[in-house]
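# Structure assessment
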Amino acid sequence: MIAVEQVYKSFGKVRAVRGVSFALEPGQIVGLLGPNGAGKTTTIRMITGYTAPDKGRCTIQGLDVVDNPLAARRRLGYLPESAPLYDEMKVTEYLAFRARLFGLDRSTRKKAVGHVLERCWLTDVKRRRVSKLSKGYKQRVGLASALLHNPPVVILDEPTNGLDPSQVKETRSLIRELAKNKTMLISTHILSEVERMCDRVLIVAAGQLRADGSPQDLVAQSRTSATYVVQVRRHMPGDDERAKKIWQNLPFIADVQPDTPERSSLVGGWSLWLLTTKPGAPDLREAIATAASTAGILVRELRREEMSLEKVFLRIVEGEDKQGELAAAAVESAA
């Protein structure tokens, strides 16, 4: 449905996109993730035909968006982050106006407007002016306008940005309903929404595609080691050193870190430890609890921290940042 083949795009000396390739199949909900400046928006603009790639191509149902722009766009519904609505129009007026822009004839236009009003839960506000709507309803109007011509491909840029929890839940349900017979590409910063909505995730960083797979697969592939959080009683001076030696002597332990500053749960009289295992280690919770009990150490908390999509994302992004710093340092030293 969507094919992006080795696309490149630069703006002056800034290389925004560098050789990105992926293909989206019918019925998929795909999340496009990346930090600011990663190339997400530029990639979307190339797919929608807003800007042409310097090299490579983007196709929608086999139609090149540069060579056949009108035919390709007829197959595409696009909701930008800030939907271009006209506040002075009523909802039905605005949707009818957009339907005319899509070239729908009068009878088809009336059916299409009625269909999207119902599907996007806008029937109750169809006679209100857009300016009187809440942000959640405005977002629905923008989505409805993108669906008027029944496109097989829908691209949503930050569809839940600024919505309250109930509106987010409604939007998520609508997207899942739409995906039954459409291909959907969603660009967002909200990782929890990606985990709930998307079948597949694309992570871009520094203009390149760095990860591609289901949220579950990406998490599983990144789970090379485990981290255990252990909180124990601190009775007297020297208890921390004793606890540290116990943790270090456990099998499969690679690193022991005490009292990390980002752990706000640290309480006086208790010490907190992060135990990181070697790759491939078995579950060590029982071994940790047994070692503490044998040494007479009271454990208040013992849990294994699970890998999440957020941690996978941060690992990829932080890795890119470190590579960028090394490259900059190399250029500086060469100068």
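In the block above lies the structure referred to throughout.
First, a word on scope: everything that follows refers to the structure included in this document. (Residues numbered from 1 in each chain as written. Predicted model: local features only at pLDDT ≥ 70, side-chain atom pairs only at ≥ 80, totals over all residues. Heavy atoms only, no water.)

### What to know about the overall build of the chain
The cut-off we apply is this: Only DSSP runs of H or I reaching four residues or more are called helices, and only runs of E reaching two or more are called strands; each is numbered from the N terminus. Both definitions apply: the radius of gyration is a C-alpha atom measure, and the globule rule equals 2.2 Å times residues to the power 0.38. Type-normalised accessible area, obtained with a 1.4 Å probe on protein chains alone, sets the label of each residue: buried when under 20%, exposed when over 50%, and partly exposed for intermediate values. Contacts: residue pairs with any heavy atoms within 4.5 Å of one another. Per-residue accessibility takes into account occlusion by the displayed protein chains alone, with areas from the Shrake-Rupley method and a 1.4 Å probe. Note that His is not counted, nor are the chain ends; the positive residues are Lys and Arg, and the negative ones are Asp and Glu. Here the site of a charge means atom NZ of a Lys, CZ of an Arg, CG of an Asp or CD of a Glu.
A count of helical and extended segments in the chain gives 11 helices and 14 strands. Relative to its length of 335 residues, the chain is extended, with a C-alpha radius of gyration of 26 Å against a globular reference of 20 Å. In terms of overall dimensions, the chain has C-alpha extents of about 80 × 55 × 35 Å along its principal axes. Taken across its 335 residues, the chain has 44% of its residues classed as buried. Sequence-distant contacts in the chain: of pairs separated by 6 or more residues, those separated by 24 or more amount to 69%. A total of about 17,500 Å² of accessible surface is found on the chain, and carbon and sulfur atoms cover 50% of it. Positive and negative charge centroids in the chain, built from 50 and 39 side chains respectively, lie 7 Å apart.

### Section: the packing of helix 3 (residues 91-101) against helix 4 (residues 106-119)
For any two helices packed against each other, one specifies the inter-axial angle together with the distance between the axes. Condition: Here the axes come from fitting lines to C-alpha atoms, over the contacting stretch only for helices, and the angles between their N-to-C directions go from 0 to 180 degrees. By the definition adopted for this analysis, an angle is roughly parallel if under 35 degrees, roughly antiparallel if over 145, roughly perpendicular if from 65 to 115, and oblique otherwise. With the far helix as reference, a near helix turned anticlockwise by less than a right angle produces a left-handed crossing, and one turned clockwise produces a right-handed crossing. As a working rule, the residues Ala, Val, Leu, Ile, Met, Phe, Trp, Tyr, Cys and Pro are called nonpolar, Asp, Glu, Lys and Arg charged, and the rest polar, with Gly in that last group.
Between helix 3 and helix 4, the shortest axis-to-axis distance is 10 Å and the interhelical angle comes to 130 degrees. By the angle between their axes, helix 3 is oblique relative to helix 4. Handedness of the helix 3/helix 4 crossing: right-handed. The segment helix 3 lies against helix 4, with Val 91, Thr 92, Leu 95, Ala 96, Ala 99 and Arg 100 engaging Arg 109, Val 113, Val 116 and Leu 117. In terms of residue class, the contact of helix 3 with helix 4 is made up of seven nonpolar, one polar and two charged.

### Re the packing of aromatic side chains
Two numbers describe a pair of aromatic rings. These are the distance of the centres and the angle of the planes. Definition in use: Only Phe, Tyr and Trp rings are paired, with Trp represented by its six-membered ring, and only when their centres lie within 6.5 Å; those with planes under 30 degrees apart are stacked, over 60 edge-to-face, the remainder tilted. When the NZ atom of lysine or the CZ atom of arginine is within 6 Å of a ring's centre and also within 35 degrees of its normal, the charge is said to sit over that ring.
Following the criterion strictly, the structure yields two aromatic pairs and no others. Seen in terms of ring centroids, Tyr 86 and Phe 97 are 5.8 Å apart; in terms of plane orientation they differ by 80 degrees. Their pairing is edge-to-face. Of the two residues, Tyr 86 is situated in the loop between strand 6 (76-79) and helix 3 and Phe 97 in helix 3; the sequence distance between them amounts to 11 residues. A residue is classified by how much of its surface remains accessible, and Tyr 86, at 39% relative accessible area, is partly exposed. Taking relative accessible area as the criterion, Phe 97 reaches 22% and is therefore assigned partly exposed. A connected cluster of aromatic rings, assembled from ring pairs, spans Tyr 86, Tyr 94 and Phe 97. Here the basic side chain of Lys 55 rests over the ring of Tyr 8, its NZ or CZ set 5.3 Å away from the ring centre.

### Observations concerning the sheet that holds strand 11 (residues 227-233)
Test applied: Paired strands, in this sense, are two strands between which DSSP finds at least two bridges.
Here four strands make up an open sheet; going across it, the order is 12-13-11-14 and the pairing antiparallel. For this open sheet the edge positions go to strand 12 (253-258) and strand 14 (299-305), each flanked by a neighbour on one side alone. If you compare each strand with its neighbour and ignore which way they point, the axes differ by 20 degrees on average. Here strand 11 runs beside strand 14; their pairing, made up of six bridges, is antiparallel. The residue of strand 14 that forms the bridge with Val 229 is Arg 303. Taken strand by strand, helix 9 (residues 239-248) contacts strand 11, strand 12 and strand 13 (270-277), and its axis lies near 20 degrees from that of strand 13. Sheet contacts for helix 10 (residues 285-294): strand 11, strand 13 and strand 14; angle to strand 14, the most-contacted strand, approximately 160 degrees.

### Describing the side chain of Arg 200
Counted only if it meets this: Under this definition, polar contacts are N or O atom pairs within 3.5 Å; protein pairs additionally need one hydrogen-donor-capable and one acceptor-capable atom, and for neighbouring residues in sequence, both atoms have to be side-chain atoms.
Mapped onto the fold, Arg 200 is located in strand 9 (residues 200-205). Polar side-chain contacts of Arg 200 include one of 2.7 Å to the backbone oxygen of Ala 23. Here Gln 28 takes part through its side chain, which lies 3.2 Å from a polar atom of the side chain of Arg 200.

### Thoughts on the environment of Phe 252
As for its position among the elements, Phe 252 is in the loop between helix 9 and strand 12. The class for Phe 252 is partly exposed, based on a relative accessible area of 39%. Along the primary structure Phe 252 and Asp 283 are separated by 31 residues, whereas in three dimensions their C-alpha atoms are 9.9 Å apart. Excluding anything up to four places from it in sequence, Phe 252 contacts Thr 276, Thr 277, Lys 278, Ala 281, Pro 282 and Leu 284.

### Remarks on the sheet that holds strand 6
Taken together, the six strands give an open sheet; going across it, the order is 6-7-8-3-9-10, and neighbouring strands pair in mixed fashion. Looking at the sheet topology across the chains shown, the edges are occupied by strand 6 and strand 10 (208-213). The mean angle between the axes of side-by-side strands here comes to 15 degrees, regardless of whether they run parallel or antiparallel. The sheet contact formed by strand 3 (residues 29-33) and strand 9 spans four bridges and is parallel. Looking at strand 9, one finds that Val 30 is bridged to Arg 200. Where helix 5 (residues 135-147) meets the sheet, it contacts strand 6 and strand 7 (153-157), and its direction lies at approximately 165 degrees from that of strand 6. Helix-sheet contacts for helix 6 (residues 165-178) involve strand 3, strand 7 and strand 8 (183-187), and the interaxial angle to strand 8 is about 145 degrees.

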